[in-house]
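# Survey of secondary and tertiary structure
Here is how the chains run, residue by residue.
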Amino acid sequence: MPLPKRKKEKKKAPRWNERNFITEVLIPSFFVRKSGVQNRPIFPILQAGQIGITWIGHASFLIQTPEHNILIDPNWANWLIVIRRLKRAGLAIDDLPNIDLVLITHAHFDHLNRRTLAAVAASQPIVVPSGVANLVHDLGFEHVHEMNWWDEWTHRDLKITFTPAKHWGARVLHDRHRGYGGYCIEYQGRQIYHCGDSAYFSGFREIGRRLAPEIALLPIGAYEPPSGRDVHMGPEEAVNAFAELQSKTFVPMHFGTYRMSYEPMHEPAQRLMLAGSEAGVLQKIRFLVEGMPQVF
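Residues numbered from 1 in each chain as written. Predicted model: local features only at pLDDT ≥ 70, side-chain atom pairs only at ≥ 80, totals over all residues. Heavy atoms only, no water.

### Re the side chain of N69
As for its position among the elements, N69 is in strand β3 (residues 69–72). Within the structure, the side chain of N69 is placed 2.9 Å from the side chain of Q64, a separation counted as a polar contact. Residues in contact with N69, not counting those within four places in the same chain, are L62, I63, Q64, P97, N98, I99, D100 and L101. (Helix = DSSP H or I, 4+ residues; strand = E, 2+ residues; numbered from the N terminus. Polar contact = N/O pair within 3.5 Å; in protein donor to acceptor, adjacent residues only side chain to side chain. Contact = heavy atoms within 4.5 Å.)

### A look at the confidence of the model for the protein
Per-residue confidence for the protein averages 93 on the pLDDT scale, and 94% of its residues sit at or above 70. Here residues 1–17 is a poorly scored stretch, pLDDT under 50, and it has zero contacts once near neighbours within four places are set aside; other chains count. (pLDDT = per-residue confidence, 0-100.)

### Considerations on the side chain of H254
Relative to the assigned elements, H254 resides in the loop between β14 (249–253) and α5 (267–279). Given the relative accessible area of 3%, H254 is considered buried. Here D197 takes part through its side chain, which lies 2.9 Å from a polar atom of the side chain of H254. Ignoring anything within four residues of it in the chain, the contact list for H254 reads H58, A59, D110, H111, D197, P219, I220, G221, A222 and H232. (Buried < 20%, exposed > 50% of the residue type's maximum accessible area, 1.4 Å probe, protein only.)

### Thoughts on the packing of helix α3 (residues 203–210) against helix α4 (residues 235–245)
One can describe the packing of α3 onto α4 by two numbers: an axis separation of 7 Å at closest approach and a directional angle of 30°. As judged from the angle between their axes, α3 and α4 are roughly parallel. Viewed along their axes, α3 and α4 form a crossing whose handedness is right-handed. Every residue of α4 that contacts α3 at F204, R205, I207 and G208 is listed here: A241, E244 and L245. Broken down by class, the residue content of the contact of α3 with α4 amounts to four nonpolar, one polar and two charged. (Axes fitted to C-alpha atoms, helices over the stretch in contact; angles between N-to-C directions. Parallel < 35°, antiparallel > 145°, perpendicular 65-115°, else oblique. Left-handed = near helix turned anticlockwise from the far one by under 90°. Nonpolar A, V, L, I, M, F, W, Y, C, P; charged D, E, K, R; others polar.)

### A look at empty space enclosed by the protein
Throughout the structure, instances matching the rule amount to one cavity of 30 Å³ or more. What lines the largest cavity is a set of 14 residues, and nearest its centre among them are A222, F255, G256, Y258 and E263. Of the residues contributing to the lining of the largest cavity, the split by class is seven nonpolar, five polar and two charged. (1 Å grid on protein atoms, 1.4 Å probe; cavity = no way out; pocket = protein on both sides within 12 Å on 5 of 7 lines; lining within 4 Å. Points joined across faces, edges and corners; volume = space filled by probe spheres on them.)

### Thoughts on the packing of aromatic side chains
Taken as a whole and judged by the stated rule, the model has 10 aromatic pairs. Summarising the aromatic geometry, the rings of F21 and Y262 are spaced 5.6 Å apart at their centres and angled 85° between planes, so their arrangement reads as edge-to-face. With F21 in helix α1 (residues 21–29) and Y262 in the loop between β14 and α5, this pair connects stretches of sequence that are 241 residues apart. Classification of F21 as buried rests on a relative accessible area of 13%. An angle of 50° between the planes, with centres 5.0 Å apart, marks the rings of F162 and Y183 as tilted. Placement of the pair is F162 in strand β10 (residues 158–163) and Y183 in strand β11 (residues 182–187), with a sequence separation of 21 residues. One exposure class covers both F162 and Y183, and it is buried. One aromatic cluster is present, formed by W55, F61, F255 and F287 through successive ring pairs. (Phe/Tyr/Trp six-rings, centres within 6.5 Å; stacked < 30°, edge-to-face > 60°.)

### Notes on the pattern of salt bridges
Once the charged atoms of two side chains with opposite charge are near each other, the side chains can pair. On inspection of all chains with the given rule, the structure shows 14 salt bridges. For R19, the salt bridge identified is with E224, shortest N-O distance 3.3 Å. Taken together, the positions of R19 in the segment before α1 and E224 in the loop between β13 (215–219) and α4 put the pair 205 residues apart, joining distant regions of the chain. Its relative accessible area of 28% is what places E224 among the partly exposed residues. For D100, the salt bridge is made with R156, and the minimal N-O distance between the two is 3.3 Å. One end of the pair, D100, is in the loop between β5 (83–84) and β6 (101–103); the other, R156, is in the loop between β9 (152–155) and β10, with 56 residues separating them in the sequence. For R156, a relative accessible area of 41% translates into the label partly exposed. Among the charged side chains, a salt-bridge network with shared partners connects R19, E24 and E224. (Salt bridge = Lys/Arg side-chain N within 4 Å of Asp/Glu carboxyl O.)

### Things to note about the packing of α4 against α5
Describing two packed helices takes the angle between their axes plus the distance from one axis to the other. Running from amino to carboxyl end, α4 crosses α5 at an angle of 45°, the nearest separation of the two axes being 8 Å. Considering their axes alone, α4 and α5 lie oblique with respect to each other. α4 and α5 meet at a crossing whose hand is right-handed. On α5, the residues that touch P235, E236 and V239 of α4 are P268, R271, L272, A275, G276 and A279. Among the residues forming the contact of α4 with α5, the class breakdown is six nonpolar, one polar and two charged.

Listed below in structure tokens is the structure:
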């Protein structure tokens, strides 16, 4: 009895629909005209109890009190190795006021930019996560203070608390010892929380229970990274985090400056407005324009 003929195996079709970050995002970004306007800011004269917040772009902020000028994750870089900046910083670095304190959330290139830090260093202190001090020691800061999660540090009537996050801190492949997190800044009963980079995680509930920060600066972009890792929040998750933090005002960040992920540049803000509306907190979300100081 003859053996049945074997069916020819069908060749798998090429997966032309696989996404390729280099061809879909990286190379096209080289040809995009940079957007945004660099403003000449007029910084407000703050009264007792007032806080000034200026979004510089991406995760960079200037926080002002009547006594302090604090920079968080300052970054004026036009390139992050091969990722191009697509929106200008909201103000020129030379237009900054005298900076009293710098806070760095982690060592990634979009948050710790050594050239920017060298430009703002003027013998003031800088705060970094544990394991990050050697990246900033030679830049001109008077004192480098390292912090672990839930450490507290007081400086000139400011109380700084370093908070947990769900992310990672390595600057290159072999330095996974570096810490990461966010900061809660407290001054005369006002609290501002800068999340740093984080995926959504149970730690937001604990931060809310311990600190309940009044103003939350939360990331909403880079939620479709080419690596597929769960390291950034999407807008809907950020709304959930905002609720768990028990905060009163939500200032979105980490979108619209560098295209580090597959989602379109405009999408995070649109999705945040929809998610905020559905959750009944749209009136608590305050979008800032880069380079324009706002008083809270």
